[in-house]
Amino acid sequence: MREAIGGTWLFQIVIVFILLFTGFLCLSINRSKAFNVKDQIIQTIQSYNGIDLTDEYSEGDESPLADIVSYISANSYRTTGMVPAPEKVGSDTVSYVCYDRSGRIVNSNPVFCIAPIHVDSEGCASGETCFNELPDMVYYRVVVYYQLDLPIFQEVFNFRVVGDTKTLFGGVS
């Protein structure tokens, strides 16, 4: 009888370690995919020197949003998250524009979000030297999501990955 009870405990311990290993593997795969998607979105925005966040994707477009939607579709990225709250960057409040997998602007369960952040001349407000001859400068903050998704328990935790583009001169905002 003692070996039967000991075998059951050993079996439960093995099951727990298998679940932990599976969870870690799922988390690392989802995290890697989220970082790849974020990097591709940033690279696309930089190659087009900005993105017009008022547009939605339509079939046959040749825009940065069309490239992003085709990349997400080709890589079967499906993770969604919550819309990020507006952030205070410098003296401005920045709001995100969020999209679903088909490139439509959404207010819940977005696949990715983008916020334009205008680079201010902080020196102009304090009376220091102003560089008015420089063009408008903007960079974009990109948010994508990944989650711990176990086969039995489904979505357990939801995380987000944030990245910024380089500063773009005269970019579309």
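Residues numbered from 1 in each chain as written. Predicted model: local features only at pLDDT ≥ 70, side-chain atom pairs only at ≥ 80, totals over all residues. Heavy atoms only, no water.

1. Brief notes about the overall build of the protein
Of the regular secondary structure elements, the protein holds 3 helices and 8 strands. Across the 173 residues that make up the protein, the buried fraction comes to 33%. At a minimum sequence separation of 6, the contacts of the protein that also span at least 24 residues come to 65%. Taken as a whole, the protein presents about 10700 Å² of accessible surface, with 56% of it coming from carbon and sulfur. (Helix = DSSP H or I, 4+ residues; strand = E, 2+ residues; numbered from the N terminus. Buried < 20%, exposed > 50% of the residue type's maximum accessible area, 1.4 Å probe, protein only. Contact = heavy atoms within 4.5 Å. Areas by Shrake-Rupley, 256 points an atom, 1.4 Å probe, with all protein chains shown as cover.)

2. Let's talk about the environment of Asp100
Tracing the chain through its elements places Asp100 in the loop between strand S3 (97–99) and strand S4 (105–106). Measuring from C-alpha to C-alpha, the distance between Asp100 and Cys113 comes to 9.0 Å, with 13 residues separating the pair along the chain. Excluding anything up to four places from it in sequence, Asp100 contacts Val106, Val111 and Phe112. Polar contacts involving the side chain of Asp100 include one to the side chain of Ser102, which spans 3.0 Å. (Polar contact = N/O pair within 3.5 Å; in protein donor to acceptor, adjacent residues only side chain to side chain.)

3. Description of the packing of aromatic side chains
A full pass over the atoms with the stated rule returns 2 aromatic pairs. With a centroid separation of 5.3 Å and 20° between ring planes, the pair formed by Tyr99 and Phe112 is classed as stacked. Of this pair, Tyr99 sits in strand S3 while Phe112 is found in strand S5 (residues 112–118), placing the two residues 13 residues apart along the sequence. Accessibility assignment for this pair places Tyr99 and Phe112 in one class, buried. (Phe/Tyr/Trp six-rings, centres within 6.5 Å; stacked < 30°, edge-to-face > 60°.)

4. Let's talk about the state of the cysteines
Structurally, a disulfide amounts to a covalent bond that connects the sulfur atoms of two cysteines. Applying the stated criterion across every chain, the model contains 1 disulfide. The disulfide partner of Cys98 is Cys113, and the S-S distance across this bridge is 2.2 Å. Around the S-S axis, the bridge from Cys98 to Cys113 shows a dihedral of about 110° and counts as right-handed. Placement of Cys98 in strand S3 and of Cys113 in strand S5 is noted, with a sequence separation of 15 residues between them. Note on accessibility: Cys98 and Cys113 belong to one class, buried. (Disulfide = S-S within 2.5 Å.)

5. With respect to the nonpolar core
Ranked by size, the top nonpolar core spans 35 residues in total, and within it Ile41, Phe112, Ile114 and Val144 carry the most contacts. Taken together, the elements giving at least two residues each to this core come down to helix H1 (2–47), helix H2 (64–74), S3, S5 and strand S6 (137–150). At 8 residues, the largest contribution of residues to this core is made by S6. The residues contacting Ile114, other than those within four sequence positions of it, are Ile41, Ile45, Ile51, Leu53, Ser95, Tyr96, Val97, Tyr140, Arg141 and Val142. (Core = buried A, V, L, I, M, F, W, Y, C linked by side-chain atoms within 4.5 Å.)

6. Some words on the pattern of salt bridges
Applying the stated criterion across every chain yields a total of 3 salt bridges. Residue Lys38 pairs with Asp39 through a salt bridge whose shortest N-O separation is 3.0 Å. Residue Arg141 is joined to Glu87 by a salt bridge in which the shortest nitrogen-to-oxygen separation is 2.7 Å. Highlighted residues: Arg141 in strand S6 and Glu87 in strand S1 (residues 87–89), separated in sequence by 54 residues. We classify Arg141 as buried; its relative accessible area is 14%. (Salt bridge = Lys/Arg side-chain N within 4 Å of Asp/Glu carboxyl O.)

7. A few points about the pairing of S5
In terms of residue burial, S5 counts as a mostly covered element, since 6 of its 7 residues are buried. Summarising the sheet, S3 and S5 pair through 3 bridges and their orientation is antiparallel. For Val97, the partnering residue across the bridge sits in S5 and is Ile114. (Pairing = 2+ DSSP bridges.)

8. So, the environment of Phe112
With a relative accessible area of 0%, Phe112 lands in the buried category. The spatial distance from the C-alpha of Phe112 to the C-alpha of Tyr96 is 9.6 Å, given a sequence separation of 16 residues. Setting aside anything within four residues of it in sequence, one finds Phe112 in contact with Ile41, Leu65, Ile68, Ile72, Val97, Cys98, Tyr99, Asp100, Val143 and Val144.

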